[in-house]
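Reading the structure
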Amino acid sequence: MEEVIIDVRYLEKQYMKQKAVKNASFQIRKGMICGLIGPNGAGKTTIMKMLGGLVLPTEGRIFMYGDSTEKGLAQARSRMSFMIETPYAKEKMSARENLEKQRIQKGIPDKKRVDEVLEIVGLSDTGKKQVKNFSLGMRQRLGIANALLAKPEVMVMDEPINGLDPEGIVEIRELLLRLNREEHITIIISSHILTELSLLCSDYIFIHHGELMQTLSVDELHKICKQYYHIHTDNDTMAVAVLQEKLGVAEFDVEEDGSIRLYERLEDMRLVSKTLYDHGVIPLELNLHEANLEQYYMDMVGGE
């Protein structure tokens, strides 16, 4: 079992009469790429700001590396980097000039570190090109380079792929995977682009209206998100009865519109279709689906 780096216990944050985060508890272990999943306004950014010390909790405690004291949290945060706001850079300076300025401000003595992080994020060939001429993806990579200067053990990133084109999204995904595997950096990342998180994360924290709904590993998610056939007929109620009585099926769900999700007999769809038809039920739709991260979240929150 990997070391617990962050241990959040019963965390709450209230603004005036509104609770942005309600009674959230979760753990982040070393080596994770953990996705905070939820729509805009779900509470993801507020949780990240509390982790970074930018916002104080109304209730609850945060432990980092086993310590929850003010001094202990400050020391832990010095081993971490936070990209919660839009990465800042001087528009009329190059990537290297921006990072050199940041290196000096952060008191990092290793002058070679700027070249190292430029190489890591793929900006070593930008030369004297000014940041004002960078694409959004290049700006994001520069922000990640800045976060890497102090060699963090943990990176906390709020919506780093927001607004990027498909090529930029792939570049950032591959970069983060490389940082996790090669630099051994634990990553906490939020996004409302769930299909992208499904390609990146090892663990998930589901948040809705400030409440932590569930935590899952990627293996647990794969077990839950099984393949199924979506069946819609001219008489769905009768179809359920036929499937149970004539084929003995037990693994199925009935949707709100009456259609059926069938999780078994997936290799026998011809038999399923013929059995329905032979007993007076006409299949109108018979499609193979595999529940993904987005569908699982939508099912969890009731389709909101």
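Preceding this section is the structure that the text describes.
Values in this document were obtained by computation on a predicted structure and should not be read as measured data.

**Observations concerning the overall build of the protein chain**
Helices and strands together make up the secondary structure of the protein chain, namely eleven helices and 13 strands. Over its C-alpha atoms, taken along the principal directions, the protein chain stretches across nearly 80 × 45 × 40 Å. Taking all 304 residues of the protein chain together, 47% fall into the buried category. If you sum the accessible surface of the protein chain, you get close to 16200 Å²; carbon and sulfur atoms cover 48% of it.

**What to know about helix α3 (residues 95-105)**
The complete set of buried residues in α3 reads Ala95, Asn98, Leu99, Gln102 and Arg103. Projected down its long axis, α3 carries its buried residues within an arc of 135°, all on one side. Seen from the buried face of α3, the exposed residues on the opposite side, beyond 90 degrees, are Ile104 and Gln105. Lining the buried residues of α3 we find α4 (113-121) and α5 (136-148).

**Examining the side chain of Asp7**
Here Asp7 is to be found in strand β1 (residues 4-15). Looking at Asp7, its side chain comes within polar contact range of the side chain of Arg9, at 3.0 Å. Each residue touching Asp7, except ones within four places of it in the same chain, is listed here: Phe26, Gln27, Arg61, Ile62 and Phe63.

**Details of the packing of α5 against helix α6 (residues 166-182)**
The relative placement of two packed helices comes down to the angle between their axes together with the axis-to-axis distance. At a minimum axis distance of 10 Å, the contact between α5 and α6 shows a crossing angle of 20°. The angle between α5 and α6 places the two elements in the roughly parallel class. Judged by the twist between their axes, the crossing of α5 over α6 is right-handed. Facing α5, whose interface residues are Gly137, Gln140, Arg141, Ile144 and Leu148, α6 presents Glu171, Ile172, Leu175, Leu176 and Leu179. Tallied by class, the residues present in the contact of α5 with α6 amount to six nonpolar, two polar and two charged.

What counts, and where the lines are drawn
Residues numbered from 1 in each chain as written. Predicted model: local features only at pLDDT ≥ 70, side-chain atom pairs only at ≥ 80, totals over all residues. Heavy atoms only, no water. Helix = DSSP H or I, 4+ residues; strand = E, 2+ residues; numbered from the N terminus. Buried < 20%, exposed > 50% of the residue type's maximum accessible area, 1.4 Å probe, protein only. Areas by Shrake-Rupley, 256 points an atom, 1.4 Å probe, with all protein chains shown as cover. Arc of directions from axis to C-beta. Contact = heavy atoms within 4.5 Å. Polar contact = N/O pair within 3.5 Å; in protein donor to acceptor, adjacent residues only side chain to side chain. Axes fitted to C-alpha atoms, helices over the stretch in contact; angles between N-to-C directions. Parallel < 35°, antiparallel > 145°, perpendicular 65-115°, else oblique. Left-handed = near helix turned anticlockwise from the far one by under 90°. Nonpolar A, V, L, I, M, F, W, Y, C, P; charged D, E, K, R; others polar.

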